[in-house]
Amino acid sequence: MRAVLFSAFGVLPELTTVPEPGCPAAGILVEVAASGLCRSDWHGWVGHDPDIALPHVPGHEFAGVVSAVGPEVRSCQVGDRVTVPFVSACGTCPTCMRGDLQVCERQTQPGFTHWGSFAEYVAIKNAEVNVVVLPDSLDFATAASLGCRFATAYRAVVHRAAIPPGDWLAVHGCGGVGLAAVMTAVAQGNRVVAIDTSPAARDLARAFGASAVLDPADGPVVAAIRELTGGGAAASLDALGSPPTFHDSVRCLRPRGTHVQVGLAAGIGAVPESILAAVIAGELQLVGSHGMAARDYRELLDRIASGELDPARLVQRTIGLREAPQELATMGSRAGAGITVIEISA
């Protein structure tokens, strides 16, 4: 099969031919139709993820058609249109048994723990707890955004921030996750202030319903948010994972506010005492949000079907598999807006 492969961290991947993966007994083999190009893939390529063994095929958010089904699988069949959360749960560990499959103790992640979806086929283990069958009305390019960015943002806003309609949410970083968070929060009835250095990203945040947008270059972000919100945001989401976005996200909260960490925290380092002092003095909550379990996708899919949410608006570019290596390599230094999707057959 054709796949994008890298054999050293930080070295340009190549489009090559590799063996097709086998189908696990309790899993499925998916013929990939579309795969998102995510900043997490870039983190893996530069060596930030200890689970990656070289050589490696990246890609963790995808949609496609089931081409083979293991003998232990009953929940789907060959020909089903599917997507999969980027966290593939085992379904049997104590954490899974408590219902928290998105933080499974024995989780696998396509594109990290094993070869991923920048390829014509990808194998998924434990299909009974990981496969999401898609409605025919949802195209593959849009569905590819659900496995990581949109589903992650949806759960972060609806279930982790969980603020009432009318309250303010600050979103720091308006890439794919941040813009999905803006869209979701607006649908929830929240007022949103979106922060990003990219004019294109700010324009999209405004188009998706943000009440205000801020450019960090224009002045101190925390003071601006506090003024806009009348004392601080009820919740704040760091969708990037940098020292400035993390610090601003915590400091912009009103008393008893909630900071939600979604962006991978590369380079944040030790948390300053001043941040901990603010957490104590304001009785702030600092929570993480790590994807969304397959069983919880029905709620999201229903809201997409009703028109309340439209993730298709996030897909700003589609490219072919041949273009993916260069796009991946430049992702860390190039400001983008929305989601880029790889069409595998193109």
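The structure contained in this document is the topic of the report that follows. None of the values given here were measured: they were computed from a predicted structure.

1. Here we look at the overall build of the protein chain
Here comes step 1: Along the protein chain, the regular secondary structure elements total twelve helices and 15 strands.
Here comes step 2: Taking 346 residues into account, the globule formula puts the C-alpha radius of gyration at 20 Å, and the protein chain, at 20 Å, falls close to it.
Here comes step 3: Dimensions of the protein chain, computed from the C-alpha atoms along their principal axes, are close to 55 × 40 × 35 Å.
Here comes step 4: Residues counted as buried form 55% of the 346 residues belonging to the protein chain.
Here comes step 5: Considering only contacts in the protein chain between residues 6 or more positions apart, those separated by 24 or more positions represent 71%.
Here comes step 6: Surface summary for the protein chain: the accessible area is close to 13,800 Å², and the carbon and sulfur share equals 52%.
Here comes step 7: Averaging the positions of the 24 positive and the 33 negative side-chain charges in the protein chain gives two centres separated by 4 Å.

2. Some remarks on the sheet that holds strand 8 (residues 168-172)
Here comes step 1: Across the sheet, which stays open at both edges, the six strands sit in the order 10-9-8-11-12-13 with parallel pairing between neighbours. Strand pairing shows two members of the sheet lacking a second neighbour, strand 10 (212-214) and strand 13 (285-288), which therefore form its edges. On average, each strand axis in the sheet is tilted by 20° relative to the strand beside it, whichever way the strands run.
Here comes step 2: By the bridge criterion, four bridges tie strand 12 (residues 253-261) to strand 13 in an arrangement that is parallel. Residue pairing in the sheet places Val260 in a bridge with Val287 of strand 13.
Here comes step 3: Contacts from helix 9 (residues 243-251) reach strand 8, strand 11 (233-238), strand 12 and strand 13, with the element oriented near 145° to strand 12.

Parameters and conventions
- Residues numbered from 1 in each chain as written.
- Predicted model: local features only at pLDDT ≥ 70, side-chain atom pairs only at ≥ 80, totals over all residues.
- Heavy atoms only, no water.
- Helix = DSSP H or I, 4+ residues; strand = E, 2+ residues; numbered from the N terminus.
- Rg over C-alpha atoms; globule rule 2.2 N^0.38 Å.
- Buried < 20%, exposed > 50% of the residue type's maximum accessible area, 1.4 Å probe, protein only.
- Contact = heavy atoms within 4.5 Å.
- Areas by Shrake-Rupley, 256 points an atom, 1.4 Å probe, with all protein chains shown as cover.
- Lys, Arg positive; Asp, Glu negative; His and termini not counted.
- Charge placed at Lys NZ, Arg CZ, Asp CG, Glu CD.
- Pairing = 2+ DSSP bridges.
- Axes fitted to C-alpha atoms, helices over the stretch in contact; angles between N-to-C directions.

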